[in-house]
Amino acid sequence: MKIKHIIFDLDNTLYPCSSDMDKGITRRMLECVADFFKCSMEQAIELRKERIVHFSTTLEWLRSEGLTDIEGFLAHVHPDNEADELNEQPRLRNFLLTVPVPMSILTNSPHEHADRVLAKLGVADLFTDVTDIRDAEFYGKPWPNAYIAAMKKAGTSLEETLFIDDMQKYTDGWCALGGTSILIGERNGKPLADDAESMKAARRMCQQPGKTFRLNSIYQLPELKGIL
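Here is what the cut-offs are and how they apply
- Residues numbered from 1 in each chain as written.
- Predicted model: local features only at pLDDT ≥ 70, side-chain atom pairs only at ≥ 80, totals over all residues.
- Heavy atoms only, no water.
- Helix = DSSP H or I, 4+ residues; strand = E, 2+ residues; numbered from the N terminus.
- Rg over C-alpha atoms; globule rule 2.2 N^0.38 Å.
- Buried < 20%, exposed > 50% of the residue type's maximum accessible area, 1.4 Å probe, protein only.
- Contact = heavy atoms within 4.5 Å.
- Areas by Shrake-Rupley, 256 points an atom, 1.4 Å probe, with all protein chains shown as cover.
- Lys, Arg positive; Asp, Glu negative; His and termini not counted.
- Charge placed at Lys NZ, Arg CZ, Asp CG, Glu CD.
- Pairing = 2+ DSSP bridges.
- Right-handed = clockwise from strand over helix to strand, strands pointing away.
- Core = buried A, V, L, I, M, F, W, Y, C linked by side-chain atoms within 4.5 Å.

Engineer: How should the overall build of the protein chain be read in this particular structure?
Structural biologist: On a plain count of helices and strands, the protein chain comes out with 9 helices and 6 strands. Computed over its C-alpha atoms, the radius of gyration of the protein chain comes to 17 Å, within 12% of the 17 Å expected for a compact globule of 228 residues. Summarising its shape, the C-alpha atoms of the protein chain cover approximately 50 × 40 × 30 Å along the three principal directions. Put simply, the protein chain has 228 residues, and 53% of those count as buried. Across the protein chain, the fraction of contacts at a sequence separation of at least 24, relative to all contacts at a separation of at least 6, is 71%. Element-wise, carbon and sulfur atoms account for 51% of the exposed surface of the protein chain, whose accessible area totals about 10800 Å². Charged side chains of the protein chain number 27 positive and 35 negative; the gap between the two group centres comes to 4 Å.

Engineer: Could you clarify how one ought to interpret unusual backbone geometry in this entry?
Structural biologist: Leave glycine aside and you will find that most residues have negative phi; peptide bonds, for their part, are mostly trans. In this structure, the amide linkage connecting K141 to the following residue, P142, adopts the cis form with an omega of 5°. Structurally, P142 is set in the loop between β3 (130-131) and α7 (144-154). Although it is not a glycine, K38 adopts a positive phi angle of roughly 55°. Its place among the elements puts K38 in the loop between α1 (20-37) and α2 (41-51). At E137, a position not held by glycine, the phi torsion is positive, near 55°. Judged by its relative accessible area of 59%, E137 is exposed.

Engineer: When you look at the pairing of strand β2 (residues 103-106) in this model, what are you seeing that I'm missing?
Structural biologist: Looking along a regular strand, one sees side chains alternate from face to face of the sheet. Side chains M103 and I105 of β2 all project onto a buried face; the interleaved residues S104 and L106 project onto the opposite face, where all are buried too. Judged from the 2 bridges that link them, β2 and β3 form a sheet pairing that is parallel. For L106, the partnering residue across the bridge sits in β3 and is T131. Handedness of the crossover is the feature at issue here: the chain leaves β2, passes through helix α6 (residues 111-121), returns alongside β3, and the resulting connection is right-handed.

Engineer: I would appreciate a short explanation of the environment of Q168 in the present structure.
Structural biologist: When you line up the elements, Q168 lands in helix α8 (residues 168-177). Residue Q168 is classed as partly exposed on the basis of its relative accessible area, which comes to 23%. Spatially, the C-alpha atom of Q168 lies 8.8 Å from that of I184, the residues being 16 residues apart in sequence. Setting aside residues no more than four positions away along its own chain, Q168 makes contact with L183, N188 and P191.

Engineer: Any chance you could explain the nonpolar core here in plain terms?
Structural biologist: Nonpolar side chains tend toward joint burial in soluble globular proteins. Counting residues in each nonpolar core, the largest one holds 51 residues, and the members touching the most others are I6, F8, L14, F73, L96, F127 and I164. At 7 residues, the largest contribution of residues to this core is made by α1. Look past the residues within four positions of F8 in its chain and what remains in contact with it is T13, L14, L96, M103, S104, I105, L106, F127, I164 and I218. In terms of nonpolar packing, the next biggest core, distinct from the first, is built from 17 residues, A150, Y170, A176 and A196 among them.

Engineer: What am I meant to see in the sheet that holds strand β5 (residues 180-184) here?
Structural biologist: Sheet strands associate in pairs through backbone hydrogen bonding, adopting either a parallel or an antiparallel arrangement. An order of β3-β2-β1-β4-β5-β6 is seen for the 6 strands of this open sheet, with the pairing classed as parallel. Every interior strand has two partners, whereas the edge strands, β3 and β6 (211-215), have only one. Here 3 bridges tie strand β1 (residues 5-8) to β2, and the two strands are oriented parallel to one another. By the bridge assignment, I7 is partnered in β2 with S104.

Now the structure itself:
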């Protein structure tokens, strides 16, 4: 297998999951949960922990419960000043410049969030395109349409594309389609429940699952000799 394109996740993949931005995004999502259900933050944490294994994203879960103000949710979770929470990554640009194939971004966040993050990291010009939650009609990874939208934008195929993410349920979705992925880090969340519609949709599309490699960070990518 020879990879000709890499699709990167954005958050906690291009930068460490220990970032204050990760904490800020999670906190603001929980504020939305607490506001929607009129409950305490402690109750929101428990509700989300119980229900998120059945859904691709917190947004999908809340929509299933009746949330209609999608743009209001996205604006709260991703305010204009959110990039202040993100530290610069001095190694990142020089590392990405060594990647021998074109690269793009697939994120379950809105495009404006991706623009802020990539600008803060100083790497926006290194990616051919960004596929966001709107491109996926608000059904993000691991719904098949999210991956398909990203490949269509990039002009690539499943067989020639490597997908890199820090969440197991999202690399599971790519592999359910038959692709090859890399799972980054150790804080990978829980796999989706068997009744999750997104995973069932992916499995219906492929008879032969793909393969996942695990790395501590994207900087170990050169260790996977023979793929790139």
